[in-house]
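Observations on chain architecture
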Amino acid sequence: VSFVFDLHGPSLAVDTMCSASLTAIHLACEHLRAGGSAMALAGGTNLYLHPANYVAMSTAGMLSPDGRCRSFGADANGIVPGEGVGVALLKPLARALADGDPIRGCILATAVNHGGATNGYTVPSPAAQAALVAAAIRAAGIAPDTIGYVEAHGTGTVLGDPIEVEGLRQAFAATAAQPLPPGSCALGSVKSAIGHLEAAAGIAGLTRILLQMENGLLTPTLHAERENPNIDFDAT
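None of the values given here were measured: they were computed from a predicted structure.

The subject of this paragraph is the overall build of the protein. For the protein, the count of helices and strands is eight helices and four strands. Listed by position from the N terminus, the elements making up the protein come as α-α-β-α-β-α-α-β-α-β-α-α. Taken over C-alpha atoms, the radius of gyration comes to 18 Å for the protein, in line with the 18 Å a tight globule of 236 residues would show. For the protein, the spread of C-alpha atoms along the principal axes amounts to about 50 × 50 × 40 Å. With 236 residues in all, the protein has 33% of them scored as buried. Considering only contacts in the protein between residues 6 or more positions apart, those separated by 24 or more positions represent 74%. One way to put it: in the protein the 11 positive side-chain charges average out to a point 3 Å from where the 19 negative ones average out.

Set out below in structure tokens:
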């Protein structure tokens, strides 16, 4: 990309597995805040060009046997691979306004961390996820009760989805001035519609958020007519 467009700023390939495109956006925002770049392109690509990845995931028992991603739904039984490419053009707000650019959204804060040691390599940590979300909320300087929607990772696994909701519950509880009423924030995952785009999963979620804001509606999270019984939505 830098060669084709004759760009001279940092050109980085980021591999943090499923968070790669969001980590790329975080790094781009850091460069912009530091004044090292005037604008940045950040995103991700996921293409299955060889059966080896599919075979490896199948062997590990990670895939949904019926090809349905049930994010936060009952009978969640695994991920569904998806292909996609996405990119965001990022600028400081003042620069974008001065240039007359069409502004799709404004990133108030970003944060990254790692789950560290857990009960398994693929097992997420609710405490680490809570710390991450809380850090982003505090850095943004916003109150949790002003957040109307969370685009979640929502892989559609029996273990991962409840852990993610618990992490969000802890994060909102840690940053809210007073307890928020249950059901006051919507939750969804684009993976139920297009699958898990791995390195491009984050930019797919960001794109969904921007399109929902642009159109003034929330698109449904599919295959979740019956909620995951391991998630107590009435208590969060």
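From this point, things continue past the structure.
We now examine the pattern of salt bridges. What the rule picks out here adds up to nine salt bridges. Between Arg 208 and Glu 151 there is a salt bridge; the shortest N-O distance is 2.8 Å. Residue Arg 208 is located in helix H8 (residues 201-215), and its partner Glu 151 is located in strand S3 (residues 149-151); the two are separated by 57 residues in the primary sequence. Glu 151 shares its class with Arg 208; the two are buried. Within this structure, Lys 91, Arg 95, Asp 99 and Asp 101 form a network of salt bridges that share partners.

Here the phi dihedral of Asp 6 falls at roughly 55°; this positive angle occurs in a residue that is not glycine. You can see Asp 6 is positioned in the loop between helix H1 (2-5) and helix H2 (20-34). Note on Asp 6: relative accessible area 53%, which makes it exposed.

Our next topic: the packing of helix H5 (residues 126-140) against helix H6 (residues 160-175). As a packed pair, H5 and H6 sit with axes 8 Å apart at the nearest point and diverge in direction by 40°. Our classification of the angle between H5 and H6 gives oblique. Viewed along their axes, H5 and H6 form a crossing whose handedness is right-handed. The segment H5 lies against H6, with Pro 126, Ala 127, Gln 129, Ala 130, Val 133, Ala 134, Ile 137 and Arg 138 engaging Ile 163, Glu 164, Glu 166, Gly 167, Leu 168, Gln 170, Ala 171, Phe 172, Ala 174 and Thr 175. A class-by-class count of the residues in the contact of H5 with H6 yields 11 nonpolar, four polar and three charged.

Applying the stated criterion to the full structure yields zero disulfides. Looking at the unpaired Cys 18, the closest cysteine sulfur is the one in Cys 69, lying at 12 Å. We classify Cys 69 as buried; its relative accessible area is 4%.

On to the side chain of Arg 70, then. Examined against the element boundaries, Arg 70 turns out to sit in the loop between helix H3 (52-59) and strand S2 (84-90). Accessibility expressed as a relative area gives 17% for Arg 70, which makes it buried. Those residues in contact with Arg 70, other than ones at most four positions away along the chain, are Ser 64, Asp 75, Ala 76, Asn 77, Gly 156, Asp 161 and His 223.

The rules behind each value
- Residues numbered from 1 in each chain as written.
- Predicted model: local features only at pLDDT ≥ 70, side-chain atom pairs only at ≥ 80, totals over all residues.
- Heavy atoms only, no water.
- Helix = DSSP H or I, 4+ residues; strand = E, 2+ residues; numbered from the N terminus.
- Rg over C-alpha atoms; globule rule 2.2 N^0.38 Å.
- Buried < 20%, exposed > 50% of the residue type's maximum accessible area, 1.4 Å probe, protein only.
- Contact = heavy atoms within 4.5 Å.
- Lys, Arg positive; Asp, Glu negative; His and termini not counted.
- Charge placed at Lys NZ, Arg CZ, Asp CG, Glu CD.
- Salt bridge = Lys/Arg side-chain N within 4 Å of Asp/Glu carboxyl O.
- Axes fitted to C-alpha atoms, helices over the stretch in contact; angles between N-to-C directions.
- Parallel < 35°, antiparallel > 145°, perpendicular 65-115°, else oblique.
- Left-handed = near helix turned anticlockwise from the far one by under 90°.
- Nonpolar A, V, L, I, M, F, W, Y, C, P; charged D, E, K, R; others polar.
- Disulfide = S-S within 2.5 Å.

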